Amino acid sequence: MAILDYIPGLEVTVEVDGRTATEYDNPNDDEEPSFKHADFHLADQDRPLPHVIKYIEAKPGAPFGFQIKGKEDLQFHDRVILFKDFVDGQQAEKRVSPDRNRRGEWSLLLNRLVKHTSTTHWTSSLFRFGNLDVGDAGDTCHTDLKKQIEEATHWGVLMLKCYHGAAEQPVSNPSRLDDLPPPKETSVSEKALKGRALDCITTFDNPTTEPWYQRMIIPYTDRKKRRPFAIFEFRYRTHEGLIKEGVIPRTATPTAADRVREMSDDEVRRLAQELLAERERAKTPAVKEEIKRGVKREIDLTDEGSTANFEERYKSRRRDDGHVEIDLTDD
């Protein structure tokens, strides 16, 4: 889980397909920070930068979301904490923690894009990973490539920003209306990715419209600059992308555990059923063959005429020691 040592009690993870995603450390610890201390609302400017970076594995087609947990030892600077999540640079939703006076642990799940599309309704769409086709830049004109580079700058990043907030204030109508984001490009030039092994992208799935209800507005404690006090950043790649960027090592050959890890729950159940059926089929022919062989080799030599039939069917020869050797191979 992504945590900051100097903000105890606040934990942030990413759930992919209903499971907590495994987190990997940033292999480029010496990279230039994208934020400065002045970008944060901090009481102590000498403390480490409150920005944590983790890598996670994305699975095209799987839903995902931010899971936020507050522990009892979480210290509030003001009344509440305001959370804003960003998906590939697109702000998706705002959520508020319980009031600091509330006792016990709490959790929030941010897994949808919320937009106020009218004065009477708002629209929400679930987060989902999708496929991204990466091709050669030869078929892309200069203008399109420049546009792709600008858009792709934010791809591959899930970010959660945390703000100190004052007491909630009710608001009956949205102050402004939102436009739904345009559909993303599902194909991009490799040159636009600038060396990143990005082969998947985020999408917003299954949009629903719900009536507008009274919402609450949260005044920022840092009202002038509205700076966050912490940022949790998750960079997503597919399993192969994590290998290419040196986040995880490449195994010599995929193990059974690796193959199962790539499967969905339905695929795992189907594989288990197939293996069980195959095991049952393997048992049945062995029993039949054993019975068949027993009948084939059982000969009644007491019946009249059986001796002649036996001699006609099987070859025999007398050995030097006087014993008779019989060939039962039916050749």
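Preceding this section is the structure that the text describes.
Residues numbered from 1 in each chain as written. Predicted model: local features only at pLDDT ≥ 70, side-chain atom pairs only at ≥ 80, totals over all residues. Heavy atoms only, no water.

Q: With reference to specific residues and values, describe the pattern of salt bridges.
A: A pair can form between side chains of opposite charge whenever their charged atoms are brought close. Throughout the structure, instances matching the rule amount to ten salt bridges. The closest approach of N and O atoms between Asp25 and Lys54, which form a salt bridge, is 2.6 Å. Taken together, the positions of Asp25 in strand E3 (residues 24–25) and Lys54 in strand E4 (residues 51–57) put the pair 29 residues apart, joining distant regions of the chain. For Glu240, the salt bridge identified is with Arg250, shortest N-O distance 2.8 Å. Taken together, the positions of Glu240 in helix H2 (residues 239–244) and Arg250 in the loop between H2 and helix H3 (256–261) put the pair ten residues apart, joining distant regions of the chain. Relative accessible area serves as the criterion here: at 31%, Glu240 is assigned to the partly exposed category. The class for Arg250 is exposed, based on a relative accessible area of 54%. What you see here is one network of salt bridges that share partners, running through Glu93, Arg95 and Arg112. (Salt bridge = Lys/Arg side-chain N within 4 Å of Asp/Glu carboxyl O. Helix = DSSP H or I, 4+ residues; strand = E, 2+ residues; numbered from the N terminus. Buried < 20%, exposed > 50% of the residue type's maximum accessible area, 1.4 Å probe, protein only.)

Q: Could you give an account of the sheet that holds strand E8 (residues 106–110), naming the residues involved and the relevant values?
A: Taken in spatial order, the four strands of this open sheet run E2-E1-E5-E8, and their pairing is antiparallel. Lying at the two open borders of the sheet, with one neighbouring strand each, are strand E2 (19–20) and E8. Alignment of strand E1 (residues 10–16) against strand E5 (residues 64–70), held across seven bridges, turns out to be antiparallel. Looking at the pairing, Leu10 lines up with Gly70 of E5. (Pairing = 2+ DSSP bridges.)

Q: Hey, could you go over the sheet that holds E4 for me, with residue numbers and the actual values?
A: Here six strands make up an open sheet; going across it, the order is E3-E4-E17-E12-E6-E7 and the pairing mixed. Each having just a single partner strand, E3 and strand E7 (90–96) make up the two edges of the open sheet. Bridge count for E3 against E4 is two bridges, and the pairing is antiparallel. Across the sheet, Asp25 pairs through a bridge with Lys54, a residue of E4.

Q: Pulling in residues and values, what's your account of the nonpolar core?
A: In this structure, Phe83, Leu158, Leu160, Cys162, Phe232 and Tyr236 are the most contacted members of the largest nonpolar core, which totals 44 residues. With residues up to four places along the chain from it excluded, the contact list for Cys162 reads Leu10, Ile81, Leu82, Phe83, Pro228, Phe229, Ala230 and Phe232. (Core = buried A, V, L, I, M, F, W, Y, C linked by side-chain atoms within 4.5 Å. Contact = heavy atoms within 4.5 Å.)

Q: Talk me through the environment of Tyr24; I want residue IDs and the actual numbers.
A: Take Tyr24: it is sitting in strand E3. A residue is classified by how much of its surface remains accessible, and Tyr24, at 23% relative accessible area, is partly exposed. Taking the C-alpha atoms as reference points, Tyr24 and Tyr55, separated by 31 residues in sequence, lie 4.9 Å from one another. For Tyr24, the contacting residues outside a window of four places in its chain are Lys54, Tyr55, Leu242, Val247 and Ile248.

Purely spatial values, then, with no claim about function.
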